Each structure stands twice: as structure tokens, then as C-alpha cells.
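Chain and residue survey
Residues per chain are reported as follows:
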Amino acid sequence: MEKLEQMYEGKAKKVFSCSDPNLCIVSYKDDATAFNGKKKGTIVGKGIVNNKMSNYLMSLLEKEGVPTHFVEELSERDTLVKRVKIVPLEVIVRNVAAGSFSKRFGVAEGTKLLAPTLEFCYKCDELDDPMCNEYHIIACGWATREDLDRITDLTFRVNAFLLKFFSSINVDLIDFKIEFGKTADGTILLADEISPDTCRLWDATTHEKLDKDRFRRDLGNVEGAYLEMMKRIFG
Ligand code: TMP
């Protein structure tokens, strides 16, 4: 399958049409942004790591009964995916306090939460992706009650699977963000990516950060963290 026209360029990926109208091709870039694009940089090789890692995790999730957009890895950076309309929500799960949760609620980073929490943010760059609740989502028509229930169920299943998976490579899954899309026939699929860009991943022994917080917070060895995750997953 070949890339035809560029349909969209996001902060970390480009999306291209292809000859099958039900599919498209995503191409992972090395561009990194933080704080809604206010901080910009490059993480050399990130696109390759994120493409491979996300595809692998999605193929495992499919086996666990979570439907995803993943179809076929085409190259180091390019992947064939099912064409969906993205539900304009960032769906965030937290197992351990960190980042904006720690800031908002004054809970120290690293505090294990008594239960996994779920947050929604409305995907809107101009508004800085404001946090919202289910009433906001339904009132504004960003998703229906039925879609939201399905998204919530799938999201907790993704968390249960990822916790187990990362634990097997001595990594604690602190939190993550996922996105869902809807196919033309109305099926909800896990879309976007699951990568060190979208998860907080800490070494379970040393608590060293192995994710994009190294870039966000200028901690150094950003490329090394992505490569370490690659090594732990693929050997
Ligand atoms: P937060 O603590 O900044 O709200 O981030 C929670 C999780 O979501 C963390 O794993 C990083 C991820 N995330 C994204 O993938 N994209 C974003 O734009 C933001 C703000 C967070």
C-alpha cells in the first residue's frame, strides 16, 4: 500500500490517504512538543521507536479483545491503519500520581493511587485541551453515552493489560493517554499511539523515567530512554 495525499499533519505524526478508502497510512516523525506545542524539539529515532512499540502493543491488545486501528506495519516509520474519525477526547488513566494530577491535587509524584483514575480532556489546541467530565462530553456531543461507556470499558481493559505487560519488563506504568476513533460503520477502535510519548514509564527498581518527561523536564538522555524501552520490549 502506498501513500497518496497527505490528509493531516499532527505534532508527532502525518496521516496519508491510500488506495483503500477505509484505510490510511500514519507516518511517525521525530518531532517532539510539550505544553501544547510551546516547547519544540527533536528526539532522534523517536518515530521509529513509537511506531514499532505502538504496533506491537496494539497487536497484543487485539488478542485481548480490544479492537484497534492497527492493520500492518509498512516500514520503520509507516503503518497502515483503519480509517476512523477521532473522538475528540484524550482519555487518561493514572495508577500513580504524577504530572498535572500531582499539581492539581497536591499529591506528591510517585504516590500510588488507591484505585486507577480516569480523566477526560477535550482535544482542542486553542483551549489547551481542557479537562472535562461525562456530562460535558454528552452535552457538547463529543461522544454519546453509549460510546463513552464503551470507551471507559475498553480503557480499563487497556490499563489492566499494560500494567501486566510493563511489569514483565520491570517498568511501572504510572499513567497514560489514549485516543479512540469511530469507523464509518460506527465501531469504536483504539487509535493514535501507545508509546513513551503518551505513557509515563518508570523503571520499577530505580524509578528512573523512561518516557517523554525526560524531554518535557530537560532531564537529559531522552534518546537513551526511548532506546531502553525498545530494548526491554524487543531485546
Ligand atoms: P499529565 O499529567 O500532563 O496530565 O499527563 C498524563 C499522561 O498523559 C502522561 O502519561 C502524558 C500523557 N499526555 C499525552 O500523551 N499528551 C498530552 O498532550 C498530555 C498533556 C499528556
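Here we summarise the structure given alongside this text. Just so it is clear, the structure is predicted and the values come from calculations on it, not from any experiment.

Before going further, it helps to examine the site of the ligand. In the vicinity of the ligand lie 14 residues, with Arg94, Ser100, Asp175, Lys177 and Arg200 positioned nearest. For the ligand, an oxygen atom lies 2.8 Å from a polar atom in the side chain of arginine 94. Within the side chain of serine 100, one N or O atom sits 2.6 Å away from an oxygen atom of the ligand. When the free accessible area of the ligand is taken as 450 Å², the share hidden by the protein chains comes to 75%. Of all the secondary-structure elements, those providing two or more residues to the shell around the ligand are β9 (89–96), α2 (99–105), β12 (171–182) and β14 (199–203). A per-class count over the shell around the ligand returns four nonpolar, three polar and seven charged.

With that out of the way, let us pick up helix α6 (residues 222–234). Look at α6: 19 Å from first C-alpha to last across 13 residues, which is about the 18 Å you get at 1.5 Å a residue. All of the buried residues along α6 are Val222, Ala225, Tyr226, Met229, Met230 and Ile233. The buried residues of α6 all sit within an arc of 140° when viewed along its axis, so they share a single face. The exposed set on the far side of α6, more than 90 degrees from its buried face, consists of Leu227 and Lys231. Summarising the contacts, the buried residues of α6 are in contact with α1 (46–63), α4 (145–167), β12, β14 and α5 (213–216). Measuring from the side-chain oxygen of the N-cap residue of α6 to the backbone nitrogen of glycine 224 gives 3.4 Å; that N-cap residue is asparagine 221. Glycine 235 occupies a position one or two residues after α6 and carries a positive phi of about 80°.

Thresholds, definitions, all that
- Residues numbered from 1 in each chain as written.
- Predicted model: local features only at pLDDT ≥ 70, side-chain atom pairs only at ≥ 80, totals over all residues.
- Heavy atoms only, no water.
- Near = heavy atom within 4 Å.
- Polar contact = N/O pair within 3.5 Å; in protein donor to acceptor, adjacent residues only side chain to side chain.
- Areas by Shrake-Rupley, 256 points an atom, 1.4 Å probe, with all protein chains shown as cover.
- Helix = DSSP H or I, 4+ residues; strand = E, 2+ residues; numbered from the N terminus.
- Nonpolar A, V, L, I, M, F, W, Y, C, P; charged D, E, K, R; others polar.
- Expected span 1.5 Å × (residues − 1).
- Buried < 20%, exposed > 50% of the residue type's maximum accessible area, 1.4 Å probe, protein only.
- Arc of directions from axis to C-beta.
- Contact = heavy atoms within 4.5 Å.

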